[in-house]
Amino acid sequence: MVIWNELTALWRELNRNWRYQEVRTPIIYSVDVWKQSGHWDKYRDHMFFTEKDGRPFGLKPMNCPGHVFIYQDQRRSYRDLPLRLAEQGLVHRDEPSGTLHGLMRVIHITQDDAHIFCRHDQVQEEVLGCLELAQTIYDLFGLDLRIELSTRPENRIGSDELWDDAEAALEGALRHARLEYDLNEGDGAFYGPKIDLHMTDSIGRSWQMGTIQLDYQMPERFDVTYTGEDNAEHRPAMIHRALFGSFERFIGILIEHFGGAFPLWIAPLQVAVLPVADRHNAYAEEVAEDLTAAGIRAEADLRAESVGRKIAQSETHKVPVILVVGDREAQDGTVSVRRRGEGNLGARPLQDLRDELLEEIRERRLPASTVDSTQEA
Ligand code: ZN
């Protein structure tokens, strides 16, 4: 949950910087909605259904219709576009039980979903923006990216002309960004082509994280319009995109990628404070409280164990910062610092250390060891 909340804080900050509005939409809709969206025809086998007093409902497998309804809540003009709506969207998709896999493949999926409604002449720039934002996120974690462009599947809606346009727009954005990609023919979504963002985990398995999908069909089906400069009604394009992919899978990928040795800013416990002997317990608690008050996740370990054993346990748990406090530290207001991957760094004034840690957390810095291994790779 700590990691989830840190990712959420990052997500909110990026939403603000990239001008997305955060929204929340229901997870259950009348089946009529899914008939109109095309999900009933093309995606029914993956959906969950229920019924109340003879009225059939479907749990949403995607957030798109909810965002369409928000768009349609008021008249939109060309000046309002692009409109970017972002949601931590909870969707449910039925997967054969044999394919479920830890956090990587689940039935209950929380997407960092967004829909961008834009004019057709804005599509390429918006797709480029999504690619740039994705790169910003993956760089933060030192994740290497592989890009795939997936084109029209056999099971699809919409005319060939619209598919030609949509595929050309995505290819254009990739070329413009000078990004290398693999072509994955026939693997697009039923409503449009997509750019998929994959990463390879520590044991060589490839996982899809993000996706950027272009869609001219959904606006058609829900009669989504905007008023143009010419005062006539026009059809916007719709971009569906998720960059973590889902919070569940992204956290699974981070656990694998870092082998549990998380960067300081997302580590569930950031600092363990270990007293050398019982008589240093009060000072250890004081140090932990000082750090906690500053917003750092710190705990004093006051169990009746030897300090050597506590250090070994904290190292096994991959706690990024271990502070050992004894007579000298209590007297001088210092802490003896051990950093994961760097070893024993000696005694430091508590205030200096606190400020350094806060800066490292604020900058969401990668651990030195991860940066090294990424560069070698
Ligand atoms: Zn969507």
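Keep in mind that this is a model prediction, so the values were computed, not measured.

Visitor: I tried to follow the side chain of Glu-360 on my own but got confused; where do I start?
Guide: Within the secondary structure, Glu-360 is located in helix α12 (residues 350-362). A polar contact is formed between the side chain of Glu-360 and the side chain of Arg-339, at a distance of 3.0 Å. Setting aside its immediate chain neighbours within four residues, Glu-360 contacts Leu-264, Arg-339 and Arg-365.

Visitor: So what exactly am I meant to see when it comes to unusual backbone geometry here?
Guide: Only a minority of non-glycine residues have a phi that is not negative, and only a minority of peptide bonds are not trans. The step from Leu-81 to Pro-82 runs through a cis peptide bond, and the omega angle for that step is 0°. Among the structural elements, Pro-82 can be located in the loop between α4 (64-71) and β5 (83-92). Residues other than glycine seldom take positive phi values, yet Lys-318 does so here, at roughly 55°. With respect to the helices, strands and loops of the structure, Lys-318 is situated in the loop between α10 (307-316) and β16 (321-325). Of note in the backbone geometry, Arg-364 takes a positive phi value of approximately 50° without being a glycine. Assignment of secondary structure puts Arg-364 in the loop between α12 and α13 (368-376).

Visitor: Help me out: how do you make sense of the domain arrangement of the protein in this one?
Guide: Size of an interface, as often reported, equals the accessible area lost when the parts are brought together. Here the domain parsing of the protein yields domain 1 (2-258) and domain 2 (264-376). One C-alpha centre belongs to domain 1, the other to domain 2; they are set 40 Å apart. Counting from both sides, the interface comprises 13 residues of domain 1 and, opposite them, nine residues of domain 2. Taken together, the two surfaces of domain 1 and domain 2 that pack against each other cover about 1,000 Å², and 67% of this comes from carbon and sulfur.

Visitor: In this structure, what is going on with the environment of Trp-4? I would like to understand it.
Guide: Relative to the helices and strands, Trp-4 resides in helix α1 (residues 2-17). What makes Trp-4 buried here is its relative accessible area of 19%. The spacing of Trp-4 and Ile-266 is 262 residues in sequence and 8.8 Å in space, taken between C-alpha atoms. Among residues more than four places away in sequence, those in contact with Trp-4 are Gln-88, Thr-110, Phe-247, Glu-248 and Ile-251.

Visitor: Help me understand the packing of α1 against helix α5 (residues 123-141) in this model?
Guide: Between two packed helices, both the angle of their axes relative to each other and the distance between the axes serve to describe the pair. At a closest axis distance of 12 Å, the pairing of α1 and α5 adopts a crossing angle of 145°. Two packed elements cross with a definite hand, and for α1 against α5 that hand is right-handed. For the pair formed by α1 and α5, the contact residues are Leu-7, Leu-10 and Leu-14 on the first element and Leu-133, Ile-137, Leu-140 and Phe-141 on the second. Along the lines of polarity and charge, the residues of the contact of α1 with α5 split into seven nonpolar, no polar and no charged.

Visitor: Please clarify how the sheet that holds strand β2 (residues 28-30) should be interpreted in this entry.
Guide: Sheet strands associate in pairs through backbone hydrogen bonding, adopting either a parallel or an antiparallel arrangement. Pairing is antiparallel in the open sheet, where three strands are placed in the order β2-β4-β3. In this open sheet, the two strands that pair with only one neighbour each are β2 and β3 (49-52). Put simply, the sheet's adjacent strands are angled 35° from each other on average, direction ignored. Both β3 and strand β4 (residues 55-59) contribute to a ladder of four bridges, which runs antiparallel.

Visitor: What's the story with the coordination of the zinc ion in this structure? I'm lost.
Guide: The textbook angles at a metal center are 109.5 degrees for a tetrahedron of four donors and 90 or 180 degrees for an octahedron of six. Every protein donor of the zinc ion is accounted for by Cys-64 (SG), His-115 (NE2) and His-240 (ND1), and the metal-donor separations fall at 2.0 to 2.3 Å. Expressed as a motif, the donor residue spacing for the zinc ion is C-x50-H-x124-H. Taken together, the positions of Cys-64 in helix α4 and His-240 in strand β13 (residues 237-246) put the pair 176 residues apart, joining distant regions of the chain. Of the two residues examined, Cys-64 and His-240, each falls in the buried class.

Visitor: I would appreciate a short explanation of the packing of aromatic side chains in the present structure.
Guide: Summed over the entire model, instances satisfying the criterion amount to 12 aromatic pairs. Note on Phe-190 and Tyr-191: the rings are 5.1 Å apart at their centroids and 75° apart in plane angle, and the pair reads as edge-to-face. Ring centres 6.3 Å apart and planes at 65° place the aromatic pair Phe-258 and Phe-262 in the edge-to-face group. The exposure class assigned to Phe-262 is buried, which follows from its relative accessible area of 9%. An aromatic cluster of at least three residues, connected via ring pairs, comprises Trp-4, Phe-141, Phe-244, Phe-247, Phe-250 and Trp-265. One Lys or Arg, Arg-44, reaches over the ring of Trp-40 and ends 4.7 Å from the middle of that ring. Positioned above the aromatic ring of Tyr-71 is the side chain of Arg-76, whose terminal nitrogen or guanidinium carbon lies 5.3 Å from the ring centre.

Criteria and thresholds
- Residues numbered from 1 in each chain as written.
- Predicted model: local features only at pLDDT ≥ 70, side-chain atom pairs only at ≥ 80, totals over all residues.
- Heavy atoms only, no water.
- Helix = DSSP H or I, 4+ residues; strand = E, 2+ residues; numbered from the N terminus.
- Polar contact = N/O pair within 3.5 Å; in protein donor to acceptor, adjacent residues only side chain to side chain.
- Contact = heavy atoms within 4.5 Å.
- Domains from an automatic or database assignment.
- Buried area = accessible area lost by both parts, 1.4 Å probe.
- Buried < 20%, exposed > 50% of the residue type's maximum accessible area, 1.4 Å probe, protein only.
- Axes fitted to C-alpha atoms, helices over the stretch in contact; angles between N-to-C directions.
- Left-handed = near helix turned anticlockwise from the far one by under 90°.
- Nonpolar A, V, L, I, M, F, W, Y, C, P; charged D, E, K, R; others polar.
- Pairing = 2+ DSSP bridges.
- Donors = N, O, S within 2.8 Å, 3.2 Å for Na, K, Ca; no water.
- Phe/Tyr/Trp six-rings, centres within 6.5 Å; stacked < 30°, edge-to-face > 60°.
- Lys NZ or Arg CZ within 6 Å of the ring centre and 35° of its normal.

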